[in-house]
Amino acid sequence: MSLPLVSSKAGDVHDTVDVSHDLEPKSQTSHIEVVEEKLNALHEGRQVQLKSRLDTLTVFESISTFRRSVIICALAGFAAATDGYQHQMSASIIANKGFVREFAKGRPKLEAAWVSSFGGIYSAGQVIGQFCIPWISDWVGRKGSMYVFMAILTISVIVESVSSVWWHWTLAKLIAGCGIGAVQSTLPVYINEHAPSQIRGFLIVAYSLWFSLGGLMSSVALKVRADSHPYDYKTIIYTQFGMLGLGMIIFVFLPESPWWLVSKGKLDKARGVLVKKFQNVPEYDIDGELAIIAATIERQRQWDIESAAEGPWAMFKGLNGKRFLIGSWPKVLQQFVGLSVFSSYSAYFFSLAGNKDAFLVTVILGCCSLASVILDALLVDKIGRRRMTLIGFTGACFGVTLMAIVGCFDYANAQLGAVLVFAGVTANFFNTFQSSTSYAYLSEMPEQRFRAKATGWGLAYCNLYAIMFNFTVPLMLKKWVVKTAFLFVGLGIPGTVLAFFIMPESMGRSPAEIHEMFVDRVPLRKWRGYKTHVESDLDARLEI
C-alpha cells in the first residue's frame, strides 16, 4: 500500500513516504486528502503549517482545554510508581535484618562484593532493557512495549519471591533491571507524544511524581515492617504484585501514540485517537492537526536525506548525534553528582556512616524527593528546562561537596551526623528537582523517527556509568565511607559547568521548531526567545 507524493519537479513521483505506506488510493477519505495535500506542498518547496494554532494557549488554558491528554499522561505515569517502588526496595531491603540473615548465611552482614553485584547487575539489566525495548516500541507500538515490560517485571518479582541465596537475588536484579529500563525508555516517550507542547514538561513530571511516590511508599513499607516484624522481608516483595496488576489494567485502556501511528502510515487509527482525545475541544481541527504531525515527520526525513544522515547509524550522524548527546547529558550528569550514593545505596551508606535508623533516613529522602517533584511540576513550564537543569545540578553539587567535607571529620557524633543527613537530603532534593527535565530532554531533542531509540539508548548510555558506579561505590563506601563523595565533587562540578554551555531551552517548542533551530544552528544558550520560521508562519496565519 502506498501514497505517492509529488516532487518539486513536474511529472516526478517521490518514493513512498513512511507516514502513508499502508494506505490504498481507492480508500482515500477527507483526512487522507488533507495529509496528502500538505505533504505534496512540502515536497514542492512551499511553506506549510508545522505548528498548531492551539499551541498559543497559556499553560493553564492548555490544562483546561486538553483535559483528556492530562488524564492519559497521568495514568501512563502510574507505572513509574512500580519503577520507583521496586528501585527503592531493591536498594534498601539489603539493610533489612531478615534479608541479611537469609542471604548472609550466618555472617553479621552482607559481603560488600555481593552488594556490589546486586547494584551492578541491576544497572546492567537496565542497559539491556533500554537498548532492546525501542526496537519493540517502534515495531509493535508504545502500548505493545508496555505489555512487554510489565511481563518482565512480573517475572522479576516471582524470582525475588523464591530467592534464598545471593546469586538468586542477583538474577532477580538482572531481570528487574531489564523491566525497569524498559519502563524508563517507554513512558517518557509515550507521554511526550500525547502531551501538548505548552504543558509537555508538566506532564512528563507525572512520570517523576509517580516514581518518587513509589519510592516513598517502598521506604515507608520497609520502615513499618522493620519496626513491627524486623525479620520479615518477603511481605514487602509480595506487595509488588498488586501494583503490577493495577498498572496492567490501566494500560489496557490507554490509547496508542498518534505520532507512532502516523509514522507507520496508520492515519485512520491516528485520527481515531485524536478524535477520542479532542472531539470536544472547540476550534480543534482534527484533520489539520493530523497533517501537521505527518508533515513534521516528513520534513525531518527530508532533511536527513539532504544531509546524508541515513542508514542504520543515522541517529549518531551529524546533528542527530549532537541531539542525542545533548538529550542524554542531564541523565549522565545525575550519575556524576552521586546518584548511586544518596539514592541507590542510601540505606547502606547511612548505616555504614553510623546512622542507627537507616530506613528512617530513606523515608526522609523519599519525602524530600516527592516535595521536589511537586515543586518541579509547578516550575518546569514556567522557568524552563535549562534553568531547572542548572539549578538542580548546582544544588546537588553543593550537597555532595558538603557531604565530602563532613567526611573529613568525626561524623559519628550527633551534630555532624545531622549535617551528613542534611547534605544527603539536599543532594537528593536538587537531583530530583530536575529529574523530569532530564526525561523531557531525552524525548524532546531527537527527531520523531529516532525518539524511541534515542530515549532508550540515551538512558542505556547513562546506565553504563551507573553499572560502573554500582559495582565500585559499595567497595569505596566500605573503604572510604563518606569521603567517597569527593569523587562526585570532582565529576559533578565540571559536568555542571559543561551543562551551562550545551543545554538549550526547549520549553513550549513544537518538534518542528526544535528541528529548525538545530538545522539553523541557533546557539544553544540563545534558544529562549528565538523566533523560528515555524512560529512566524503561524503568526502570519493567525493574522489572516
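Numbering of residues begins from 1 in every chain and follows the order in which that chain's sequence is written. Restriction of local features to residues with pLDDT of at least 70 applies here, the model being predicted, together with a cutoff of 80 or more for giving and counting side-chain atom pairs; totals for whole chains, interfaces and linings are based on all residues. Here the side-chain values reflect all heavy atoms present in the structure, with hydrogen atoms and water set aside.

The protein carries the name Major facilitator superfamily (MFS) profile domain-containing protein in an unreviewed UniProt entry, which gives Kwoniella mangroviensis CBS 10435 as its organism. UniProt positions are given in the numbering used here, feature names are shortened, and annotations may be inferred rather than shown by experiment. Here the protein is described in UniProt, under the heading Sequence similarities (unreviewed entry), as follows: "Belongs to the major facilitator superfamily. Sugar transporter (TC 2.A.1.1) family." According to its UniProt record, the protein has this under Subcellular location (unreviewed entry): "Membrane".

(A) Expanded view of the environment of Glu535. Numbering of helices and strands starts at the N terminus; helices are DSSP runs of H or I of at least 4 residues and strands are runs of E of at least 2. Within the element layout of this structure, Glu535 appears in helix α24 (residues 533–543). Categorising residues by exposure relies on relative accessible area from a 1.4 Å probe, with only protein chains included: less than 20% of the type maximum marks a residue as buried, more than 50% marks it as exposed, and the intermediate range marks it as partly exposed. According to the relative accessible area criterion, Glu535 is partly exposed, its value standing at 22%. Residues Glu535 and Gly321, spaced 214 residues apart in sequence, show a C-alpha to C-alpha distance of 25 Å. Whether two residues are in contact is decided by their heavy atoms: any pair within 4.5 Å suffices. Every residue in contact with Glu535, bar those within four places of it in the chain, is listed here: Lys51, Arg509, Glu513 and Tyr530.

(B) Broad picture of the pattern of salt bridges. Any Lys or Arg side-chain nitrogen found within 4 Å of a carboxyl oxygen on Asp or Glu counts as a salt bridge. Scanning the model with the defined rule gives 21 salt bridges in all. When the shortest N-O distance is used, the salt bridge between Arg225 and Asp232 registers 2.6 Å. What makes Arg225 partly exposed here is its relative accessible area of 23%. The partner of Lys531 in a salt bridge is Asp539, and the shortest N-O contact between them spans 2.4 Å. Among the residues examined, Lys531 registers a relative accessible area of 45% and is labelled partly exposed. The partly exposed category is assigned to Asp539, whose relative accessible area is 26%. Each of Asp138, Arg142, Glu193, Arg451 and Lys453 takes part in salt bridges that share partners, so that together they form one network.

(C) Here's a closer look at the side chain of Thr496. Residue placement: Thr496 occurs in helix α22 (residues 485–502). Given a relative accessible area of 10%, Thr496 falls into the buried group. Setting aside residues no more than four positions away along its own chain, Thr496 makes contact with Leu333, Leu390, Phe393, Thr394 and Cys397.

(D) Fine view of the confidence of the model for the protein. Predictor confidence is given residue by residue as pLDDT, running from a minimum of 0 to a maximum of 100. Across the protein, pLDDT averages 84, with 91% of residues at or above 70. Per-element averaging of pLDDT across the protein places helix α16 (residues 346–352) at the bottom with 66 and α22 at the top with 95.

(E) Quick peek at the environment of Met243. For Met243, the position within the fold is in helix α10 (residues 234–253). Relative accessible area serves as the criterion here: at 11%, Met243 is assigned to the buried category. The sequence separation of Met243 and Ile155 amounts to 88 residues, and the corresponding C-alpha distance is 14 Å. Residues within four places of Met243 in sequence aside, it is in contact with Phe78, Ala81, Thr82, Tyr85 and Met217.

(F) Spotlight on the packing of helix α4 (residues 79–92) against helix α7 (residues 142–162). Viewed as axis vectors pointing N to C, α4 and α7 meet at an angle of 30°, and their least axial separation amounts to 13 Å. Relative to α7, the element α4 lies roughly parallel. Viewed along their axes, α4 and α7 form a crossing whose handedness is left-handed. In contact with Thr82, Gln86 and Met89 of α4, α7 contributes Leu153, Ser156, Val157 and Glu160. Polar here means any residue outside two lists: the nonpolar Ala, Val, Leu, Ile, Met, Phe, Trp, Tyr, Cys and Pro, and the charged Asp, Glu, Lys and Arg; Gly therefore counts as polar. Tallied by class, the residues present in the contact of α4 with α7 amount to three nonpolar, three polar and one charged. Angles shown run from 0 to 180 degrees and are taken between the N-to-C directions of axes, each axis being a line fitted to C-alpha atoms and, for helices, limited to the stretch in contact. Any angle between 65 and 115 degrees counts as roughly perpendicular, while under 35 counts as roughly parallel, over 145 as roughly antiparallel, and the rest as oblique. Crossing chirality is assigned from the near helix's rotation relative to the far helix, an anticlockwise turn below a right angle marking it left-handed and a clockwise turn marking it right-handed.

(G) Layout of the domain arrangement of the protein. Once the domains are mapped, the protein shows domain 1 (57–254) and domain 2 (315–507). Counting residues at the interface gives 52 residues for domain 1, matched by 51 residues for domain 2. Values labelled buried area give the accessible surface lost by two parts on being combined, using a 1.4 Å probe and summing over both. Both sides together, the interface formed by domain 1 and domain 2 hides about 4200 Å², and carbon and sulfur atoms give 66% of it. If you sort the residues of domain 1 by the area they bury against domain 2, Val205, Leu216 and Lys223 come out on top, with a joint share of 11%. Counting across the interface, domain 1 meets domain 2 through three salt bridges. For Asp138, the salt bridge goes to Lys453, with nearest N and O atoms at 3.1 Å. Note: domain ranges come from an automatic or database domain assignment.

(H) Summary view of unusual backbone geometry. Although it is not a glycine, Val481 adopts a positive phi angle of roughly 50°. Structurally, Val481 can be placed in the loop between α21 (451–480) and α22. One non-glycine residue, Arg521, lies in the positive phi region at around 55°. Looking at the element boundaries, Arg521 is found in the loop between α23 (511–519) and α24. A residue is classified by how much of its surface remains accessible, and Arg521, at 58% relative accessible area, is exposed.

(I) Region of the structure containing the nonpolar core. Throughout this description, the term nonpolar core refers to a set of buried Ala, Val, Leu, Ile, Met, Phe, Trp, Tyr and Cys residues connected via side-chain atoms within 4.5 Å. Phe99, Leu110 and Phe149 are the most contacted members of the largest nonpolar core, which has 54 residues in total. Shared between two domains, this core takes at least three residues from each, and those domains are domain 1 (57–254) and domain 2 (315–507). Not counting the four nearest positions on each side in its chain, Leu110 is found in contact with Ile94, Phe99, Val100, Phe103, Ala104, Val115 and Phe118. If you look at the next biggest cluster of nonpolar residues, it comprises 40 residues, including Val332, Val337, Leu390 and Met503.

(J) Main features of the packing of aromatic side chains. Only the six-membered ring of Trp is used, alongside the rings of Phe and Tyr, when aromatic pairs are assigned; centres must lie within 6.5 Å, and planes under 30 degrees apart are stacked while those over 60 apart are edge-to-face, with the rest tilted. In the structure shown here, the tally under the stated rule is 21 aromatic pairs. Where Tyr461 meets Tyr465, the ring centres are 5.6 Å apart and the plane angle is 70°; that geometry is what we call edge-to-face. With a gap of four residues between them, Tyr461 and Tyr465 both fall in helix α21, about one helical turn apart. The class for Tyr461 is partly exposed, based on a relative accessible area of 26%.

(K) Broad picture of the packing of helix α9 (residues 200–228) against α10. One can describe the packing of α9 onto α10 by two numbers: an axis separation of 10 Å at closest approach and a directional angle of 145°. Read as a crossing pair, α9 and α10 show a hand that is right-handed. Within the contact between the two elements, α9 uses Met217, Ala221, Leu222 and Arg225 and α10 uses Thr235, Ile236 and Met243. Here the residues of the contact of α9 with α10 sort into five nonpolar, one polar and one charged.

(L) Quick look at the environment of Glu310. Relative to the helices and strands, Glu310 is located in the loop between α13 (286–306) and α14 (318–336). It is 21 Å that separates the C-alpha atoms of Glu310 and Leu442, two residues lying 132 residues apart in sequence. Residues within four places of Glu310 in sequence aside, it is in contact with Asp304, Ile305, Lys317 and Arg449.

(M) Inspection of α10 at higher detail. All of the buried residues in α10 are Ile236, Ile237, Gln240, Met243, Leu244, Gly247, Ile250 and Phe251. Along the long axis of α10, the arc covered by the buried residues comes to 125°, so they all point the same way. Of the exposed residues in α10, those oriented more than 90 degrees away from the buried face are Ile249 and Phe253. Buried-residue contacts for α10 involve α3 (67–77), α4, α7, α8 (166–194) and α9. Think of the arc as the fan of directions from the helix axis to the C-beta atoms.

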